[in-house]
Amino acid sequence: MEEIFIESPNLNKDLDDFFVCAAKRALLVDEIIQKLESDFFETATLDQLKTLNSAMYDEVLEENYDSSYANPTYACNKLGKDLGQILCYVYEGLRKAAMDCFGGNLENALVRIELLIEVYSCFELEHEDVTQYVKDVIYSFERDYSEIFQDALAEARLNPEYDVFTSIVKESNLTTPNYLYRYGKYVGRNELIMSEYLNTLSDKEIKDIASTYVEGYKRGFVATGKDLSIKSVTEFMFNIGFERIVREAMRQLQAEGLRPVVGAFDIGTIFPNEQYAFDHKMDEALYLDKAYVKRKLESVKNAYDKRKELAAQMAGPAVLEVFGSKPFEPKNKEEALKLSEAQQKISSQFRTDYIRTVYEYIIGDERSFTIMALPVPDFGDDFEEFFKETVRINTLDTEVYGKIQQKIIDALDQAEYVHVTGRGKNKTDIKVSMHKLDDPAKETNFENCLADVNIPLGEVFTSPMLKKTNGVLNVSSVFLRDINFKDLTIVFEDGCVKEYSCSNFDDEEECKRLIKENILNNHETLPIGEFAIGTNTTAYSVSRKYNCIYKLPILIVEKMGPHFAVGDTCYSREEDLDTYNPDGKKIVARENEISALRKTEPQKAYFGCHTDITIPYEELGDIVAVTSEGNEIPIIEQGRFVLEGTEMLNEALDE
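In short, a report on the structure. (Residues numbered from 1 in each chain as written. Predicted model: local features only at pLDDT ≥ 70, side-chain atom pairs only at ≥ 80, totals over all residues. Heavy atoms only, no water.)

## Details of a negative patch on the surface
Quick reminder of the rule: Nonpolar side chains (Val, Leu, Ile, Met, Phe, Trp, Tyr) within 5 Å and like charges within 9 Å form the patches, drawn only from residues with over 30% relative accessible area and no salt bridge. Note on areas: Shrake-Rupley with a 1.4 Å probe; residue coverage comes only from the protein chains shown. When a carboxyl oxygen of Asp or Glu is within 4 Å of a side-chain nitrogen of Lys or Arg, the pair counts as a salt bridge. We score Asp and Glu as negative and Lys and Arg as positive, and we do not count His or the chain ends. A charged residue contributes its charge at one atom only: NZ of Lys, CZ of Arg, CG of Asp or CD of Glu. Every helix listed is a DSSP run of H or I at least four residues long, and every strand listed is a run of E at least two residues long, numbered separately from the N terminus.
Side chains of Asp58, Glu62, Glu63 and Asp66 sit close together on the surface and give a patch of like negative charge. Relative to the assigned elements, Asp66 resides in the loop between helix H3 (46-57) and helix H4 (72-79).

## Examining the nonpolar core
The following threshold applies: As used in this record, nonpolar core signifies buried Ala, Val, Leu, Ile, Met, Phe, Trp, Tyr and Cys residues forming a set joined through side-chain atoms within 4.5 Å. Burial classes: relative accessible area under 20% of the type maximum marks a residue as buried, over 50% as exposed, and values in between as partly exposed (1.4 Å probe, protein chains only). We call two residues in contact when some of their heavy atoms are within 4.5 Å.
Counting residues in hydrophobic clusters, the biggest one holds 116 residues, and the most contacted among them are Phe236, Phe242, Ile245 and Phe387. Counting residues per element, this core draws most heavily on helix H5 (residues 81-102), which supplies 13 residues. Once residues within four sequence positions are removed from consideration, Phe242 is found in contact with Met194, Leu198, Leu320, Val322, Leu374, Pro375, Val376 and Phe387. Judged by nonpolar contacts, the second largest core, of 79 residues, contains Val319, Ile371, Phe485 and Phe505.

## Topic: the state of the cysteines
What counts, and what does not: Here, a disulfide means two cysteine sulfur atoms that sit within 2.5 Å of each other.
Per the stated rule, a full pass over the model turns up zero disulfides. Cys502 provides the cysteine sulfur closest to Cys511, a residue in no disulfide bond, and the two sulfurs are 3.9 Å apart. Looking at the unpaired Cys570, the closest cysteine sulfur is the one in Cys449, lying at 8.8 Å.

## Observations concerning the layout of surface pockets
Keep this limit in mind: Only protein atoms enter the 1 Å grid used here, on which a cavity is any set of points holding a 1.4 Å probe that cannot leave and a pocket is any open set flanked by protein within 12 Å on both sides along at least five of seven lines; residues with an atom within 4 Å of a point are listed as lining. Grid points are joined across faces, edges and corners, and a volume is the space filled by probe spheres set on the points. Here the nonpolar group is Ala, Val, Leu, Ile, Met, Phe, Trp, Tyr, Cys and Pro; Asp, Glu, Lys and Arg are the charged ones; every other residue, Gly included, is treated as polar.
Empty space within the second largest pocket amounts to approximately 400 Å³. Along the wall of the second largest pocket there are 17 residues; nearest its centre are Ala415, Glu416, Met434, His435 and Lys436. Of all the secondary structure elements, the ones that give two or more residues to the lining of the second largest pocket are strand S7 (429-433) and strand S11 (465-480). Considering only residue class, the lining of the second largest pocket consists of six nonpolar, five polar and six charged.

## Concerning empty space enclosed by the protein
Vacant regions in the atomic arrangement are exposed by a probe of water-molecule size rolled over the atoms. Applying the stated criterion across every chain, the model contains five cavities of 30 Å³ or more. Its boundaries defined by the atoms lining it, the largest cavity holds a volume of some 70 Å³. Residue lining of the largest cavity: Phe278, Asp279, Lys281, Met282, Lys331, Asn332, Lys333, Ala336, Leu337, Lys338 and Glu517, and that is the complete set. When the residues that make up the lining of the largest cavity are grouped by side-chain class, the tally is four nonpolar, one polar and six charged. Taken as a whole, the second largest cavity spans an internal volume of roughly 50 Å³.

## What about the pattern of salt bridges?
A full pass over the atoms with the stated rule returns 40 salt bridges. For Glu59, the salt bridge is made with Arg25, and the minimal N-O distance between the two is 3.2 Å. Of this pair, Glu59 sits in the loop between H3 and H4 while Arg25 sits in helix H1 (residues 13-37); the two residues are 34 residues apart in sequence, bridging distant segments of the chain. Among the residues examined, Glu59 registers a relative accessible area of 18% and is labelled buried. Residue classification places Arg25 among the buried residues on the basis of a relative accessible area of 10%.

## Notes on helix H18 (residues 398-412)
An α-helical segment advances 3.6 residues per turn. Residues three or four places apart therefore align on the same side. Note the cut-off: Helix span, as expected, comes to 1.5 Å for every residue beyond the first. A 3.5 Å cut-off defines polar contacts: any pair of N or O atoms within that distance qualifies, except that in protein one atom must be a possible hydrogen donor and the other a possible acceptor, and neighbouring residues in sequence count only when both atoms are side-chain atoms.
Under the 1.5 Å per step criterion, the end-to-end length of H18 is 20 Å for 15 residues, consistent within 8% with the ideal 21 Å. For H18, every residue scored as buried is listed here: Tyr401, Gly402, Ile404, Gln405, Gln406, Ile408, Ile409, Ala411 and Leu412. N-cap assignment for H18: the residue whose side-chain oxygen lies 2.8 Å from the backbone N of Glu399 is Asp397.

## A word on the side chain of Asn650
With respect to the secondary-structure elements, Asn650 resides in helix H22 (residues 649-653). Taking relative accessible area as the criterion, Asn650 reaches 7% and is therefore assigned buried. Only 2.8 Å separates the side chain of Asn650 from the backbone oxygen of Phe641, close enough to count as a polar contact. Each residue touching Asn650, except ones within four places of it in the same chain, is listed here: Arg640 and Phe641.

## Here we look at the pairing of strand S6 (residues 417-422)
What counts is decided by this rule: Two strands are counted as paired when DSSP detects at least two bridges linking them.
Bridge analysis of S6 against S7 gives five bridges, and the strand direction is antiparallel. Within the sheet, the bridge partner assigned to Val418 lies in S7 and is Val432. Connecting S6 to the next strand, S7, in antiparallel fashion are six residues, including Gly424 with a positive phi near 65°. Judged from the five bridges that link them, S6 and strand S18 (residues 620-626) form a sheet pairing that is antiparallel. From the neighbouring strand, Val420 faces S18, where its bridge partner is Ile623.

## Concerning the sheet that holds strand S17 (residues 610-614)
Rules: Working convention: axes come from line fits to C-alpha atoms, limited for helices to the stretch in contact. Angles between N-to-C directions cover 0 to 180 degrees.
Read across the sheet, five strands follow the order S9-S10-S14-S15-S17 without closing on themselves; strand pairing throughout is antiparallel. Lying at the two open borders of the sheet, with one neighbouring strand each, are strand S9 (447-449) and S17. Within the sheet, the average angular offset between the axes of one strand and its neighbour, ignoring direction, is 25°. Bridge count for strand S15 (residues 562-567) against S17 is five bridges, and the pairing is antiparallel. The residue bridging Ala565 from the neighbouring strand is Asp612, located in S17. Packed on one face of the sheet, H18 meets S9, strand S10 (459-462) and strand S14 (528-534) and runs near 155° to S9.

## Structural notes on the environment of Gly561
Residue position: Gly561 is located in the loop between helix H21 (554-557) and S15. In this structure the C-alpha to C-alpha distance between Gly561 and Gly534, which are 27 residues apart in sequence, comes to 4.5 Å. Not counting the four nearest positions on each side in its chain, Gly561 is found in contact with Ala532, Ile533, Gly534, Thr614, Ile615 and Tyr617.

## Some words on the side chain of Lys296
If you trace the backbone, Lys296 turns up in helix H14 (residues 290-305). Glu284 provides the closest opposite charge to the buried, salt-bridge-free Lys296, at an N-O distance of 5.0 Å. In this structure Lys296 touches Ser146, Gln150 and Phe350, once residues within four positions along its chain are discounted.

## Focus: the packing of H1 against H4
At a minimum axis separation of 9 Å, H1 and H4 run at an interaxial angle of 140°. When H1 is examined against H4, the residues Asp14, Leu15, Asp17 and Phe18 are found in contact with a partner set consisting of Tyr74, Lys78 and Leu79. Taken together, the residues that form the contact of H1 with H4 break down as four nonpolar, no polar and three charged.

## What about the sheet that holds S11?
Spatial strand order, S13-S12-S11-S7-S6-S18-S19-S20: eight strands in an open sheet with antiparallel pairing. One side of each edge strand has no neighbouring strand; the edge strands of this open sheet are strand S13 (496-501) and strand S20 (640-641).

This is the structure in structure tokens:
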């Protein structure tokens, strides 16, 4: 193939160079197919496996990225902005083709190579407006092949017979690192060291970690009154290197009658150049319009309709998150593709429609999930010690915390609104409106969260009323979607985002764009879907000891202070299920004024996103429950718990 693209009389030097580089990527895909069809991955030495992995990923590592056509800046500098953006997208598709091969989706890989050849022919035939012609070719490609792409995604997500990756977890020899390369994902120091470290733990230690994960999954069904016994499939999501834990979790859930399924997008890796993914997050700007979205949604519906029996058996995901990598501060490149305002609206509406379509088949009020997070070696020299601390945080005594959190709930249930303020430079000052309880003896606004769907334990949360929820939320630094937002400020009016800002960039508009794309998910505004008070002061104390709060995931950080989520409520699409706290009280604050539209205007009820923003204790002033008579019940004063019965939570803060 490389010879086809060399020294074409109709190409200039830079175009010729692009197609030669692209041909080499296509030839690598062919090499991968041949190796997968042979016994290469069973017989290869570790050095041979590393060489193949390097061939797949070295060019987009930070030290090489400046001279790769996968980098929009390089592509545009070489080829001009319009053509550079387009051909950068084509080049990135060839990188996806390699991953398709490892997932067994050869058809997907081959059509991406066919796209390269078709794009090349556009230049050979000397079209009058070759840039627009290539754009049209890409649009047709994405539209025409939407069905096979969505079909492959649904198959990998729903069908336990799709065992390409599941078999790696269940059958590989985990005592050597060779198995890590069978996923086709990037394998670096984190994956190698993590796999090696887990092999130093005893079978009991591995079993206990997996049990925390599995028991949380099972409790999620019990807490919401759902019947796990009618389900037969669990979707596993994890980072490579954690297979000993995942294998044991699979074994424990299989004992409950649940077969595992693992798709290509369920497998994570710690890639050392996050700017690469950030540069390509809006590549769909080349082809996104209403007609394409309509076609894509039809493809999604067809894919799930073909598998409706399998979808009905899906219990939900069991997610093992990781954290500890170097914080990522993105660069907004002029050359990277960006969605227009019209495309942003189309994209946000597609996300809502996509989730609604999927939930027609994976029934929301029958499914649950669990998420637990563990650190990776990038955490630092204290990694092994901190790993054990995290396991401790994840296994705190639910009975002790349950009683303390009930004290907080009893006070909050008396409130007409809750007033939250910051201290020092933190500008938070917000009043959060509560639902009215018709029968306080039997009803509650807050859920007592005790390590079921979200591990670790340590919060009480509610879906507040939007009307009369007004004020400012501010935090000096928070990591959301692996991005460090600096001095993030959001102004709410009647529970919805009115204004927002941060200080990540000198340009105010760039800051607003960063927030809109990554927190508002391209919506013009979002409501507050959750208000919570975190009680896991142990996690906070540990984070201070290791000076690592900036490395922790929101899953843990949200337990370390009050937090507000923008987007859907915690009970999204499950509002009509009856849920009870351990004290027997029914949780009635399960919707707000927007999600209440689900029965009359369902297209307006959900947003397909839920992003938690936490105020850490050191920036927190007071949290006060204010009754309808104006009486104040202090929960926290100047970052310390003052409500009677919660004093134990301050012990960790004093360490």
